[in-house]
Amino acid sequence: MELKTGKAPFYRYTDTVRGMMRNMLVVFAAMLVMPVIHYGWRPVITTLICITTCMVCTVLFYLLSGKEILAGDLAFAVTGTIIALMLPVNVSWHIAVIASAFAMLIVKLPFGGTGNSPFNPAAAGIAFVTLSFPNQIFQYYDITSGEKLPVFAGILDVPLTQSPTALLKTGARPTTILRDMLTGGFVGPMGTTAILVILACACFLILRKMAHWETMVAFLLGGTAFAALFPRVPGLSGVWYEILTGSFLFAAVFLVSEPGTTPRQKLGRWIYGILGGVFTMMYRWFGAYEQGACFAVLVINALSPTIDRWVWRLTNGGFGFISLPRKKQKKMKKTEAEVEQQ
Amino acid sequence: MKLRLEPVPGQELRNILRDELIYRNSVVVGALGMCPVVAVGISLQNALLLGLLMAILMIPTCLFSAVALKNVPTWVRRPILCIVASLLYGLAMLLVEDLHTGFFEEVSLYAPILVVSSVLLTHADRCAEEENFWRALMHTIGGSLGFLLVLVLVGVGREFLTFGTIGGRKIFQNYHTIAATAMPFFGMIVIGYLGAIFKKISVDREKKQAKRAKRKEETV
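Quantities reported herein were computed from a predicted structural model and do not represent experimental measurements. (Residues numbered from 1 in each chain as written. Chains lettered and ligands numbered in written order. Predicted model: local features only at pLDDT ≥ 70, side-chain atom pairs only at ≥ 80, totals over all residues. Heavy atoms only, no water.)

Peer 1: Please provide a residue-by-residue account of the overall build of chain A, values included.
Peer 2: Of the regular secondary structure elements, chain A holds 16 helices and 2 strands. Within the span of chain A, comprising 342 residues, buried residues form 49% of the whole. Restricting the contact set of chain A to residue pairs at least 6 apart, pairs at least 24 apart contribute 74%. (Helix = DSSP H or I, 4+ residues; strand = E, 2+ residues; numbered from the N terminus. Buried < 20%, exposed > 50% of the residue type's maximum accessible area, 1.4 Å probe, protein only. Contact = heavy atoms within 4.5 Å.)

Written as structure tokens, this is what we have:
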């Protein structure tokens, strides 16, 4: 008979990192369905290549540093899948390998692995290959051409076209219809075009408490407000195109809401999300590339600890010129004292 | 304080050189002089020429500091050192330009910035405080070699990743150029990794020394 020394009730806490990552992989498996329907098996092969690269980098890193190999939490698979879903389906596989290797060896593992990296590894990997290979990252297989996408050889000969975000950058109005945007039947990075699937995944993540809804909503609000106030294409449809094309929605659900990099406090997450949305749109407006979600995510990752610190100071006594009313400060101090007594 | 010319044991000079190269490397351990390394250290050729330029500026300037500026306050010494280095810069330019025409146009601002480099000024300050000429000379040579070592490691690594070449020679025939590795941010990443490697070497050495000291105590 085993003697339990804890206090009742003896709940077993089921949420582990491995469990969370498994749920994420279930979500990504759902995300891969529409790309496979539209493009064939190439998205799956690209995803497997990214996951394998991440795994190999993880094992090599821990072997070279003489530490215990901590790959059982499957975090490398999540990073690899996000990278694959943000790449065009016709991308050369060496780019996928470079993005995955950069994400793991430079951004994630040197800082301590899962939950310790100050930057989102997938966003950093995509940003790196965007800087290195902009021509390949922003040229997409023309889904309307009728030509079958080869899985292995011949990928360089497929007909290419620009995405709606490239058209928006030139001031032109895209011609994609809403039905195609909801089902992923338009040009863009592999996993970012099926809007309905992304929204369903967002609901799943929020209900399972694996992501904070405040960050997602704030990101969307910030970007939408900027797009509405400074439209590149006039009318409400211009705002729809800004939100639903490119990797904006994908970043809102999977990049910005990553638990390791978001601020700890609710107000901080709102500020973080709004800044992220605004920066993404600013990168689109003024940046060199047609999309800027990854760069914006990296910027707000860098600001995350500062936002946490400022929000904490604001809610615990305030700054010199901005502070809570004295009565509220006294009330908060009293509550803390009561908690200590208990 | 006078500068003495007494001979110093070879082992001590070797220790100083080793410390300046690895355990107290100015760039990787001291975080000094990173700007030219990060901005211009993108090929082996650039690394060697910049390292040579630094050596030509640093060694005479630091020895001048050791000989003539011993009792001078720091706030007076440093401007004098910058003037001396800038006078040497003209001579260095002639020599380096002979070796590779167009080098100074390629590196633009990052060559003259060595005149006021924190690596040069820090070593010159240390030489001014050093009592023995040979130790001061070894500090200076070690400092410039340490700077060159980091430049070469960063330059070779980035040239290989960017162009797939080392010293201008292609290693792989069908190499895809990775443009981002030639950008300054990647230079900082490489320096960060070098810092980790140098730190590991330093920590391993301290562990060995601690073990040896413990064994000596046990035998005594």
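There's more to say after this.
Peer 1: Which residues make up the layout of surface pockets, and what values go with them?
Peer 2: Computed from the structure, the largest pocket encloses a volume of approximately 1200 Å³. Around the largest pocket, the lining is made up of 35 residues, and of these A:F61, A:L105, A:I106, A:P110 and B:Y193 lie nearest the centre. Every element with two or more residues in the lining of the largest pocket is listed here: α3 (42-64) and α5 (93-108) of chain A together with α8 (184-219) of chain B. For the lining of the largest pocket, the element with the highest residue contribution is α8(B), accounting for 11 residues. Partitioned by chemical class, the residues of the lining of the largest pocket number 27 nonpolar, 6 polar and 2 charged. As for the second largest pocket, its lining consists of 28 residues, of which A:M21, A:T114, A:E258, A:P259 and A:G260 are closest to the centre. (1 Å grid on protein atoms, 1.4 Å probe; cavity = no way out; pocket = protein on both sides within 12 Å on 5 of 7 lines; lining within 4 Å. Points joined across faces, edges and corners; volume = space filled by probe spheres on them. Nonpolar A, V, L, I, M, F, W, Y, C, P; charged D, E, K, R; others polar.)

Peer 1: Can you tell me about a nonpolar patch on the surface, naming the residues and giving the values?
Peer 2: Residue and element names in this part refer to chain A. A cluster of nonpolar residues, I206, W213, V217 and L221, forms a patch on the protein surface that exposes about 330 Å² of accessible area. It is helix α11 (residues 213-229) that provides the largest number of residues to the nonpolar patch, a total of 3 residues. The topology assignment puts I206 in helix α10 (residues 195-207). (Patch = residues over 30% accessible without salt bridge, like charges linked within 9 Å, V, L, I, M, F, W, Y side chains within 5 Å. Areas by Shrake-Rupley, 256 points an atom, 1.4 Å probe, with all protein chains shown as cover. Salt bridge = Lys/Arg side-chain N within 4 Å of Asp/Glu carboxyl O.)

Peer 1: Explain α5(A) residue by residue, including any values.
Peer 2: Compared with an ideal rise of 1.5 Å per residue, which puts 16 residues at 22 Å, α5(A) spans 21 Å between its outermost C-alpha atoms and is within 8% of the ideal. All of the buried residues in α5(A) are A:I95, A:A96, A:I98, A:A99, A:S100, A:F102, A:A103, A:M104, A:I106, A:V107 and A:K108. The secondary structure elements touched by the buried residues of α5(A) are α3, α4 (75-85), α6 (121-132) and α7 (134-137) of chain A together with α8 of chain B. (Expected span 1.5 Å × (residues − 1).)

Peer 1: Explain the environment of A:T52 residue by residue, including any values.
Peer 2: All names here are of chain A. Mapped onto the elements, T52 comes out in helix α3. Classification of T52 as partly exposed rests on a relative accessible area of 41%. For the pair T52 and S100, spaced 48 residues apart in the sequence, the C-alpha separation amounts to 9.1 Å.

Peer 1: How would you explain the pattern of salt bridges if you had to name every residue and give the values?
Peer 2: Considering all chains together, one arrives at 12 salt bridges over all chains under this definition. Across the pair B:R205 and B:D19 runs a salt bridge whose closest N-O atoms are separated by 4.0 Å. Here B:D19 lies in helix α1 (residues 10-23) and B:R205 lies in helix α8, a separation of 186 residues in the sequence. A relative accessible area of 18% places B:D19 in the buried class. B:D125 is paired through a salt bridge with B:R78; the nearest N and O atoms lie 2.3 Å apart. You can see B:D125 sitting in helix α6 (residues 118-129) and its partner B:R78 sitting in helix α4 (residues 74-99), a full 47 residues away along the chain. Of the residues examined, B:R78 reaches a relative accessible area of 34% and is grouped as partly exposed. Salt bridges sharing common partners tie together A:R232, A:E242 and A:R284.

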